[in-house]
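# Descriptive analysis of the structure
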Amino acid sequence: MSAAAAAPAPAPPAPRLLTQARWAVSDSLMIAKRNLLVWTRVPAYLVFTVIQPVMFVLLFVYVFGGAIPVSTPGGYVNFLMPGIIAQTAAFATFGTAIALAQELKKGVIDRLKSMPIARSAVLTGRLVADTGRMVVTILIIVGVGYAVGFRFLNGAGPAVAMVVLATVFGVAIACISAFTGLAIGDEESVQAFGLIWLFPLTFVSSAFVPIPTMPGWLQAFANNQPVT
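These remarks concern the structure in this document.

What counts, and where the lines are drawn
- Residues numbered from 1 in each chain as written.
- Predicted model: local features only at pLDDT ≥ 70, side-chain atom pairs only at ≥ 80, totals over all residues.
- Heavy atoms only, no water.
- Core = buried A, V, L, I, M, F, W, Y, C linked by side-chain atoms within 4.5 Å.
- Buried < 20%, exposed > 50% of the residue type's maximum accessible area, 1.4 Å probe, protein only.
- Helix = DSSP H or I, 4+ residues; strand = E, 2+ residues; numbered from the N terminus.
- Expected span 1.5 Å × (residues − 1).
- Contact = heavy atoms within 4.5 Å.
- Phe/Tyr/Trp six-rings, centres within 6.5 Å; stacked < 30°, edge-to-face > 60°.
- Patch = residues over 30% accessible without salt bridge, like charges linked within 9 Å, V, L, I, M, F, W, Y side chains within 5 Å.
- Areas by Shrake-Rupley, 256 points an atom, 1.4 Å probe, with all protein chains shown as cover.
- Salt bridge = Lys/Arg side-chain N within 4 Å of Asp/Glu carboxyl O.

Once that is clear, we can look at the nonpolar core. Within the largest apolar cluster, 37 residues are counted, with the highest numbers of intra-cluster contacts made by Val57 and Ile138. For this core, the secondary structure elements donating two or more residues are helix 3 (43-64), helix 4 (76-91), helix 7 (121-147), helix 8 (156-184) and helix 9 (187-203). Of the residues forming this core, the biggest block, 11 residues, is contributed by helix 4. Residues Ala24, Ile31, Leu100 and Ala178 belong to the second largest nonpolar core, which totals 10 residues.

Here it is, written out as C-alpha cells:
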C-alpha cells in the first residue's frame, strides 16, 4: 500500500462545513413545517392532545384536592401543577413515536431519505415540530391552572424558566420516544410501550402526592427519578 493511499482523507474546508450546516438547518425547518401543516389540517389531533392534560388538572384539583394534605403555599393546586406540566411534556411525546412509526411503516421516511436532503432532517424536523406543539400545550395548561387557582409565587423569571425546563425535559423524552418509534415500527406497539414506562415515571413521583405517603420501597424510586 502506498503512502498516498494510507494517508487519511483531508477534512472538508470550513466554508463547505458551514454550507452543509445551513442546508441541514433549512431541510430540518422544511420537514418541521410539513409536520406542522398536518396538524393545521387535522386540528382535532391538537385538540385531543390538549384535552387529556386539562382533564387531569380538573379531576385532580376538584376530586383529590380536598383529600390530599400538602404544605405547599397556595394549596394542592400549586403542588399539582408542576407535576401536571411535567406529565404533559412527557405524554406529548407519544405523538413523536407514533408518527415516526407510521411514516416508517408507510415508506415515507424511505422516500425522504432518497431525496437530496440532510439525513438528519427527518428526525430533527419532527423534534422541532413536536417541541413547538409541546410549548403550546404547556402554555394552555398553565392558563387552565390559573383558571382554577394556580399562581406563580416567585416572579416572572422563574416562571419562564419552569416552562423552559419542562420543554427541555419533554424534548429529552421525545428523543427516547423517537428511538422507540423507529426501532419498533408499529404504532400500536409503540403506544403500548410508551404507556408501560411513562405511566410509572409520572405517577410514582412527587407529581400528585407527597412522597412520604408512599411505602418505603417506592420512596427510594420516587426520590430519585426525573419527574420528582
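With 13 residues, helix 5 (residues 94-106) extends 18 Å between its outermost C-alpha atoms, agreeing within 8% with the 18 Å of an ideal straight helix rising 1.5 Å per residue. Taken together, the buried positions of helix 5 are Phe94, Gly95, Thr96, Ala97, Ile98, Ala99, Leu100, Ala101 and Glu103. Looking one or two residues past helix 5, Gly107 carries a phi angle of roughly 85°, positive in sign.

The end-to-end C-alpha distance of helix 9 is 24 Å, a good match for the 24 Å that 17 residues give at a rise of 1.5 Å each. Of the positions making up helix 9, those classed as buried are Val190, Gly194, Leu198, Leu201 and Thr202. Structurally, helix 9 contributes buried residues whose contacts are with helix 4, helix 5 and helix 8.

Summed over the entire model, instances satisfying the criterion amount to 12 aromatic pairs. Consider the rings of Phe91 and Phe199, whose centres lie 5.3 Å apart with planes at 45°: the pair is tilted. Separated by 108 residues along the polypeptide, Phe91 in helix 4 and Phe199 in helix 9 bring together distant segments of the chain. Summarising the aromatic geometry, the rings of Tyr146 and Phe150 are spaced 5.9 Å apart at their centres and angled 85° between planes, so their arrangement reads as edge-to-face. Three or more aromatic residues joined by ring pairs make a cluster, and in this case those are Phe56, Phe60, Phe64, Phe91, Phe94, Phe199, Phe203 and Phe208.

Let's shift gears to a nonpolar patch on the surface. A surface patch of nonpolar side chains, about 890 Å² in accessible area, is lined by Val47, Phe48, Ile51, Met55, Leu58, Leu59, Tyr62, Val63 and Phe64. Along the chain, Tyr62 turns up in helix 3.

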